[in-house]
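So you can see what is in the structure, the chains are spelled out below.
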Amino acid sequence: MYKINIEYTVKSKSELKEADRQLIEEAEEAMAKAYAPYSNFTVGCAISLEGGKCVTGNNQENAAYPSGLCAERVALFSAKSHETTPIDTIAIVASHTNGKRADAFCCGNCRQVMIEYAYQQAQPIRVLMKREDQKFIVIKDVKELLPFHFNSESLQ
Ligand code: THU
């Protein structure tokens, strides 16, 4: 029998470095512009690139539900279609539209997409996920989030 341990830390906003705090604020701003009339659950994502540039996204829903997209992939695909600089950190925040706090735990599809780019850039991607208690889960390498992940090497 084997057990998988995920390496992460939990920090309050004040314990994070200034660059992370700024990134979280960018994610909060992006969340405010989410289009989520069906779930009433808004998500914001901010991505910092090496060198400090920031790209944001939010969830975009659709009356044909599967046509919508998560905040993380909106931000990731936007970043990757405009920039070639490696991704440093991804910050994610979430909230119900009635103001009720929520965990911003990204879905499996978004984890898969993040991991794709972590391999492409051959450098780890940090992830900050805001919890309902307003603390942040800090993950040094997104690969931690999806054990036994599928990637391009699996296709060789
Ligand atoms: N959502 C995200 O934007 N990111 C996630 O990682 C999980 C879910 C969005 C999709 C949908 O618009 C709403 O949250 C409810 O699932």
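Refer to the structure above for everything that follows.
Residues numbered from 1 in each chain as written. Predicted model: local features only at pLDDT ≥ 70, side-chain atom pairs only at ≥ 80, totals over all residues. Heavy atoms only, no water.

**Description of the pairing of strand β6 (residues 136-139)**
Note on strand geometry: in a regular strand, side chains alternate between the two faces of the sheet. What you see with β6 is no split at all: Phe-136 and Val-138 on one side and Ile-137 and Ile-139 on the other are buried throughout. With 3 bridges connecting them, strand β1 (residues 9-11) and β6 associate as antiparallel partners. Among the inter-strand pairings, Val-10 is bridged to a residue of β6, identified as Ile-137. Counting the residues in the hairpin turn of strand β5 (residues 126-130) and β6 gives 5 residues, including Gln-134, whose phi is positive at 75°. (Buried < 20%, exposed > 50% of the residue type's maximum accessible area, 1.4 Å probe, protein only. Helix = DSSP H or I, 4+ residues; strand = E, 2+ residues; numbered from the N terminus. Pairing = 2+ DSSP bridges.)

**Quick notes on helix α2 (residues 71-82)**
In a regular helix each residue adds 1.5 Å, so 12 residues correspond to 16 Å; α2 covers 17 Å between its end C-alpha atoms and thus fits that length. Considered for burial, the residues of α2 that qualify are Ala-71, Glu-72, Arg-73, Ala-75, Leu-76 and Ala-79. Its buried side turned inward, α2 meets β2 (41-49), β3 (54-58), β4 (87-96) and α3 (108-121). (Expected span 1.5 Å × (residues − 1). Contact = heavy atoms within 4.5 Å.)

**Considering unusual backbone geometry**
The bulk of non-glycine residues show a negative phi, and the bulk of peptide bonds are trans. Of note in this structure, Asn-40 is not a glycine but carries a positive phi near 55°. By the element assignment, Asn-40 lies in the loop between α1 (18-32) and β2. Assessed through its relative accessible area of 38%, Asn-40 is described here as partly exposed.

**Side note on the packing of aromatic side chains**
In this structure the tally under the stated criterion is 1 aromatic pair. The ring centre of Tyr-119 lies 4.7 Å from the NZ or CZ of Lys-143, which sits over that ring. (Phe/Tyr/Trp six-rings, centres within 6.5 Å; stacked < 30°, edge-to-face > 60°. Lys NZ or Arg CZ within 6 Å of the ring centre and 35° of its normal.)

**Side note on the pairing of β2**
When you tally the buried positions in β2, you get 8 out of 9 residues, the bulk of the element. For β2 and β4, the ladder comprises 9 bridges, and the chain directions are antiparallel. Its bridge partner lying in β4, Val-43 is registered against Ala-94. Pairing of β2 with β3, which is carried by 5 bridges, proceeds in the antiparallel orientation. Residue pairing in the sheet places Cys-45 in a bridge with Gly-57 of β3. Hairpin connection between β2 and β3: a loop of 4 residues separates the two successive antiparallel strands, and Gly-51 in this loop has a positive phi of roughly 100°.

**What about the packing of α2 against α3?**
Between α2 and α3, whose axes approach to 9 Å, the crossing angle comes to 25°. Judged by the angle between their axes, α2 and α3 are roughly parallel. Judged by the twist between their axes, the crossing of α2 over α3 is left-handed. Of α3, the residues touching α2 (which contributes Glu-72, Arg-73, Leu-76, Phe-77 and Lys-80) are Asn-109, Cys-110, Val-113, Met-114, Tyr-117 and Gln-120. Residues that form the contact of α2 with α3 fall into these classes: 6 nonpolar, 2 polar and 3 charged. (Axes fitted to C-alpha atoms, helices over the stretch in contact; angles between N-to-C directions. Parallel < 35°, antiparallel > 145°, perpendicular 65-115°, else oblique. Left-handed = near helix turned anticlockwise from the far one by under 90°. Nonpolar A, V, L, I, M, F, W, Y, C, P; charged D, E, K, R; others polar.)

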